[in-house]
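Per-entry structural report
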Amino acid sequence: MNKTMRNVWLPLLLAAGWVGAADLSNVPQLKETPAQRDARLQWFRDAKFGMFIHWGPCSVGAKEIGWDRQANRPWDISGIQTPRTTDPEYDNYYKKFNPTKYNAEEWVGFAKASGMKYMVLIAKHHDGFAQFDSKVSDHTIMASPYAKDIVRAYADACHKQGMKLGLYYSTRDWWHPDYLVGDNAKYDEFYRTQVRELLSNYGEVDVMWFDHVGGQDWGKWKFDELFSMMYQLHPKLIVNDRAAKFCGPKSPEDRGPATPDIAKMTQGDYYTPEGSIGAMDIVKDWESCIHVGRGWSYHGENGFRGPDNCIKMLVSCTTGGGNLLLNFGPRPDGTFADGEAKVAVAMGEWLKTYGEAIYGTRGGPYRNGKWGGTCHKNNKLYLHIYDWPKDGLAFDALPSKVLAARTLTGAPATFTQSDAELAVEVAEADRAKPVTVIELTLEKPLETGKIIGSIHAPLKK
Ligand code: GLC
């Protein structure tokens, strides 16, 4: 192209996305067969239970990570789209952040003993503070008195102990002066460089967990570059659905995703109901993230959910077809609050007995309800019962013959099966809290991803 042509055509071609678009041929969301996708996602679907960790300088002040920073939040508070401001208190917590008791080996060992199969650690939240040694920012852990790379120790410990490793990265950044209200192209370059650092310097990464870009225009972001880069570095990476979430259409200039591929790819691999159990969905992949304590990050020593509540959340996610990413907010020194530790320990204990009815299963085939839910694996069907129906437990007909029934505590269970229904009984004294789990051995395995009916009151004889 000569100079005049370049001046005239290049901006047009760029705007149309014809020049300079990244090569997306390696992006699995766009090219995989269903079987390849099943293979890539299998460990995640089998895992069911992960540990989310929100932690950083905010923990020093027992403040909510990101949100308790009293400063501008471009595109997250309507009407305030002015340049960055600071919060002298929050923004200085890092000077006191010295987690001398942070022991990543212990964290990972603890998560493992608690039955969690993967972990997701905050590498950078909306407050822009990097818990890793980023070469493109001064606002990092290296500026704290601790001055050691938190992500490094975590990644090494995960690798050593065979824990699947996830990293949370918030594209939304209320610290960086260019994020949405400055020269956003600079910020776009900056955050992709930080993601590249995370995916280049810490060995194998299994999950990239993004958290919103904030409002405005799709045209301000090179998501094609982001995905192409991520999959060059980690071909099997699993990505959540928030890499482009909240992008547009708040701005009149919003052009939407440049191509259908970009729209599809940025949906990632699974969706992320937040703060509650996702509605039953055994077709698409999902993961509920829920905190044990009063917020995502550390808020003191009180106000935690109890173990039974958390066990039931895990069961509801599993039977509903999703995962539970249960969130912990360690203390500023790097230890876990007693209330949180208690939950984790109890879940680990529970899973020793009941893990076979959780891990590796698939949700359904019966519709979930207040009473509980079902899941299955090979020739086993597991009934998870919270509330026993007064008139007895019965389900719509099952398309496989039941050969045997037992509860997972070893207590007997009886059943009757007809063309119309499957009824199951466990003596009241043998029922367990917070959930009774009955294992049915079937003549043949059930199909995955198919709902075949519901619970109902037993038919009259
Ligand atoms: C939301 C919150 C954020 C939290 C995340 C976890 O996006 O803004 O604070 O980290 O949810 O799901």
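Residues numbered from 1 in each chain as written. Predicted model: local features only at pLDDT ≥ 70, side-chain atom pairs only at ≥ 80, totals over all residues. Heavy atoms only, no water.

Right, let's talk about the overall build of the protein chain for a bit. Scanning the protein chain for helices and strands turns up ten helices and 16 strands. For a compact globule of 461 residues, the expected C-alpha radius of gyration is about 23 Å, and the protein chain comes in at 24 Å, within 12% of that figure. Overall size of the protein chain, expressed as C-alpha extent along the three principal axes, is 85 × 50 × 40 Å. Out of the 461 residues belonging to the protein chain, those deemed buried represent 54%. Put simply, the protein chain shows about 19,600 Å² of open surface, and 53% of that area lies on carbon and sulfur atoms. (Helix = DSSP H or I, 4+ residues; strand = E, 2+ residues; numbered from the N terminus. Rg over C-alpha atoms; globule rule 2.2 N^0.38 Å. Buried < 20%, exposed > 50% of the residue type's maximum accessible area, 1.4 Å probe, protein only. Areas by Shrake-Rupley, 256 points an atom, 1.4 Å probe, with all protein chains shown as cover.)

The full count for this structure, using the stated rule, is 31 aromatic pairs. Judged by centre distance (4.9 Å) and plane angle (45°), the rings of Phe-52 and Trp-209 are tilted. A residue pair is termed long-range when its members are at least 10 positions apart, and Phe-52 in strand 1 (residues 49-53) and Trp-209 in strand 4 (residues 207-210) qualify at 157 residues. Taken individually, Phe-52 and Trp-209 each receive the classification buried, so the pair is uniform in this respect. (Phe/Tyr/Trp six-rings, centres within 6.5 Å; stacked < 30°, edge-to-face > 60°.)

The local shell around the ligand holds 14 residues, among which His-54, Trp-67, His-125, His-126 and Glu-274 are the closest. Separating an oxygen atom of the ligand from a side-chain N or O atom of His-212 is a distance of 3.4 Å. Computed on the free molecule, the ligand has an accessible area of 310 Å², of which 97% lies beneath the protein chains in the complex. (Near = heavy atom within 4 Å. Polar contact = N/O pair within 3.5 Å; in protein donor to acceptor, adjacent residues only side chain to side chain.)

Below, the discussion takes up helix 7 (residues 223-233). With respect to burial, helix 7 is a largely interior element, eight of its eleven residues being buried. Among the residues of helix 7, Phe-223, Asp-224, Leu-226, Phe-227, Ser-228, Met-229, Met-230 and Tyr-231 are the ones counted as buried. Of the surrounding secondary structure, the elements contacted by the buried residues of helix 7 are helix 2 (28-31), helix 3 (34-47), helix 6 (184-200), strand 4, strand 5 (238-239) and helix 8 (260-265). (Contact = heavy atoms within 4.5 Å.)

The domain architecture assigned to the protein chain consists of domain 1 (3-357) and domain 2 (362-456). Averaged C-alpha coordinates put domain 1 and domain 2 at centres separated by 36 Å. Each partner contributes residues to the interface: domain 1 has 21 residues there, and domain 2 has 24 residues. Summed over both sides, the interface of domain 1 with domain 2 buries roughly 1,800 Å², with 62% coming from carbon and sulfur. Among the salt bridges present, the one from Asp-46 reaches Arg-362, with a minimum N-O distance of 2.9 Å. (Domains from an automatic or database assignment. Buried area = accessible area lost by both parts, 1.4 Å probe. Salt bridge = Lys/Arg side-chain N within 4 Å of Asp/Glu carboxyl O.)

A word on the nonpolar core. Met-119, Val-195, Met-208, Phe-223, Leu-226, Met-230 and Leu-326 are the most contacted members of the largest nonpolar core, which has 91 residues in total. The residue makeup of this core includes at least three contributed by each of domain 1 (3-357) and domain 2 (362-456). Membership of the second largest hydrophobic core comes to 20 residues, among which are Phe-44, Phe-52, Tyr-90 and Tyr-93. (Core = buried A, V, L, I, M, F, W, Y, C linked by side-chain atoms within 4.5 Å.)

As a further point, take the pattern of salt bridges. Going through the model one piece at a time under the given rule, you end up with 28 salt bridges. Asp-285 is the partner of Arg-37 in a salt bridge, and the nearest nitrogen-oxygen pair spans 2.9 Å. Residue Arg-37 is found in helix 3, and its partner Asp-285 is found in the loop between helix 8 and strand 6 (287-291); the two are separated by 248 residues along the sequence. Glu-349 is paired through a salt bridge with Lys-352; the nearest N and O atoms lie 2.7 Å apart. Placement of both Glu-349 and Lys-352 in helix 10 (residues 338-354) is noted, with a separation of three residues, approximately one turn of the helix. When salt bridges with common partners are traced through the structure, they connect Glu-32, Arg-37, Asp-38, Arg-40, Arg-45, Asp-269 and Asp-285 into a single cluster.

Overall, antiparallel pairing links the five strands, which are arranged 8-9-10-15-12 in an open sheet. Looking at which strands have only one partner, the edges of the open sheet turn out to be strand 8 (362-363) and strand 12 (402-407). Where strand 12 and strand 15 (residues 436-442) come together, five bridges link them in antiparallel fashion. Residue pairing across strands places Ala-405 opposite Leu-440, the latter belonging to strand 15. Relative to the sheet, helix 9 (residues 307-320) contacts strand 8, strand 9 (372-377) and strand 10 (380-385), its axis offset from that of strand 9 by approximately 55°. (Pairing = 2+ DSSP bridges. Axes fitted to C-alpha atoms, helices over the stretch in contact; angles between N-to-C directions.)

A word on helix 3. Here helix 3 contains 14 residues, and its C-alpha end-to-end distance of 19 Å stays within 8% of the 20 Å for a straight helix at 1.5 Å per residue. Along its length, helix 3 shows its largest kink, about 55°, at Leu-41. Looking only at helix 3, the buried set comprises Arg-40, Leu-41, Trp-43, Phe-44, Arg-45 and Ala-47. Phi for Lys-48, located one or two positions after helix 3, is positive at around 65°. (Expected span 1.5 Å × (residues − 1). Bend = angle between axes of the 7 residues up to and from the residue.)

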